[in-house]
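# Overview (structure and organization)
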Amino acid sequence: MALSSIHARLGGWRSVSVETMAITAMPKETIDIWLKERLKKWIQLSGHEGSIVPASLNSLYKKQSGPCSEGTAYRAIQDDPALCGFAPKFYQQIEKNDEIHAFAVFIEIEDLLSRFAEPAQTGIMDIKIGTRTFLESEVSNTKMRKDLYDKMVAIDPSEATEEEKGDSQITRIHYPHFRARGEITKLRYMQFRERESSSAALGFRIEAAKMPGGELQKNFKKVKTEEDVAAVFSKFFGSERERVARALTQRLIALRDAIERSIFFSDHEVVGSSLLVLFDKEQCGVWMIDFAKAVKYGPSKFVIIAYIYPFRSRVSCCRKITHRDTWVPGNGEDGYLTGIDHLVNVSVDLWISGPPKSERGRPRDNALPLNRKII
């Protein structure tokens, strides 16, 4: 992508990064040479290939799809005092229109790898967070679909119920036309996929990882329990296991406390988001990324009638999302904090291999000394 062809419409968005302004001011030939050199060291763990490209030495462009609301979410997170430092910096939303890409929208955000001296020697892990990875609007259609049934039984032939197969006696007698179909709703399929990974049980799943100096790995479909995750983490952290697990634990606890105090998280369901774990021999950090499916939650109000003798008052209340409660259609719960809770369990076990969970309780920041630098 030739950066010189991108035209920014800043409007009310934050200023473009200084590095990007400097680079886009270069001659086109110089930009193309710079981009080729930058791409030699480029690492994209997940997402559609080519949807994330370098913008400057310290920032990147991420292509938007759908309603293009991710920039709004990043800006709200950046303005939330509780979440300061827990997400990459957001710079701007831009629009591009040329003969190659037609019309496209990008956001420019910080390249977190630029905080590390040697990106190639930096460990990277993308952890999809939450018990639910789909928006309610995506599964509201109750249409029965044969293609989703076929996908489900291709993954696990034993998953389909007798009713879904059309093979039960009741179905054969009362619904003979259903026997040959074999269909399910999108909601049924999405919940099945989440049970196939660790998302439903633990509130997160490992999407991809690259060990320092190693190759990109994406095959984590069999990682379903805390013990499985601990084994992956242990291999991922290698000889730095104790130090990184200690830093990871403290960072996760700080993030959990920040989310519980956050204005943004109090009224947003956040699905499809990830935690990006980065570490090298000197530092370790965890950041929240990917907010394309962060949606402001608008629950219906309910009324509490409070009797305070001799008066009676009516108080309108709105339910806040806990990010831990079980999801039912309409309540906006996403399991974001459930995932972080389980990640803390795993990282603490890796660090100290301490007492059983029933005796350990919930660790706090002041109980976790840290001698090395964390971000």
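The following refers to the structure shown. (Residues numbered from 1 in each chain as written. Predicted model: local features only at pLDDT ≥ 70, side-chain atom pairs only at ≥ 80, totals over all residues. Heavy atoms only, no water.)

Secondary structure summary: the protein contains 13 helices and 14 strands in total. The buried share of the protein, taken over its 375 residues, is 47%. Expressed as a percentage of contacts within the protein between residues at least 6 apart in sequence, the contacts between residues at least 24 apart total 69%. When the accessible surface of the protein is summed, it comes to about 19600 Å², and 54% of that surface belongs to carbon and sulfur atoms. (Helix = DSSP H or I, 4+ residues; strand = E, 2+ residues; numbered from the N terminus. Buried < 20%, exposed > 50% of the residue type's maximum accessible area, 1.4 Å probe, protein only. Contact = heavy atoms within 4.5 Å. Areas by Shrake-Rupley, 256 points an atom, 1.4 Å probe, with all protein chains shown as cover.)

Our next topic: the nonpolar core. Grouped together as the largest cluster of nonpolar side chains are 63 residues, with contacts concentrated most on Met125, Phe233, Ile259, Leu275, Met288, Tyr336 and Ile340. The next biggest cluster of nonpolar side chains, apart from the first, holds seven residues, and it includes Leu148, Ile184, Tyr189 and Phe192. (Core = buried A, V, L, I, M, F, W, Y, C linked by side-chain atoms within 4.5 Å.)

What follows concerns the environment of Phe233. Here Phe233 shows up in helix α9 (residues 226-237). For Phe233, a relative accessible area of 2% gives the class buried. In sequence terms Phe233 and Ser347 are 114 residues apart; their C-alpha atoms lie 8.3 Å from each other. Excluding residues within four positions of it along the chain, Phe233 makes contact with Met125, Ile127, Ile206, Leu248, Leu343, Val346 and Leu350.

Where helix α4 (residues 146-155) contacts helix α7 (residues 186-196), the axes come no closer than 10 Å and their chain directions differ by 20°. The angle between α4 and α7 places the two elements in the roughly parallel class. The hand of the α4/α7 crossing is left-handed. Taken together, the residues of α7 that come into contact with α4 (itself represented by Leu148, Lys151, Met152 and Ile155) are Lys186, Arg188, Tyr189, Phe192, Arg193 and Glu196. When the residues that make up the contact of α4 with α7 are grouped by side-chain class, the tally is five nonpolar, no polar and five charged. (Axes fitted to C-alpha atoms, helices over the stretch in contact; angles between N-to-C directions. Parallel < 35°, antiparallel > 145°, perpendicular 65-115°, else oblique. Left-handed = near helix turned anticlockwise from the far one by under 90°. Nonpolar A, V, L, I, M, F, W, Y, C, P; charged D, E, K, R; others polar.)

The next point concerns the packing of α9 against helix α10 (residues 241-261). One way to put it is that α9 packs onto α10 with a least axis distance of 8 Å and a crossing angle of 120°. α10 is crossed by α9, and the crossing has right-handed handedness. When α9 is examined against α10, the residues Phe233, Ser234 and Phe237 are found in contact with a partner set consisting of Arg241, Val244, Ala245 and Leu248. Its residues placed into classes, the contact of α9 with α10 shows five nonpolar, one polar and one charged.

Right, let's get into the pairing of strand β9 (residues 274-279). Of all six residues in β9, six are buried; the element is thus mostly enclosed. Side-chain alternation along β9 places Ser274, Leu276 and Leu278 on one buried face and Leu275, Val277 and Phe279 on a second face that is also buried. Both strand β5 (residues 123-129) and β9 contribute to a ladder of six bridges, which runs antiparallel. Directly across from Gly123, in β9, lies its bridge partner Phe279. Pairing between β9 and strand β10 (residues 283-289): six bridges, direction antiparallel. Pairing of Ser274 across the sheet is with Ile289, part of β10. (Pairing = 2+ DSSP bridges.)

Purely geometric numbers; function is a separate question.
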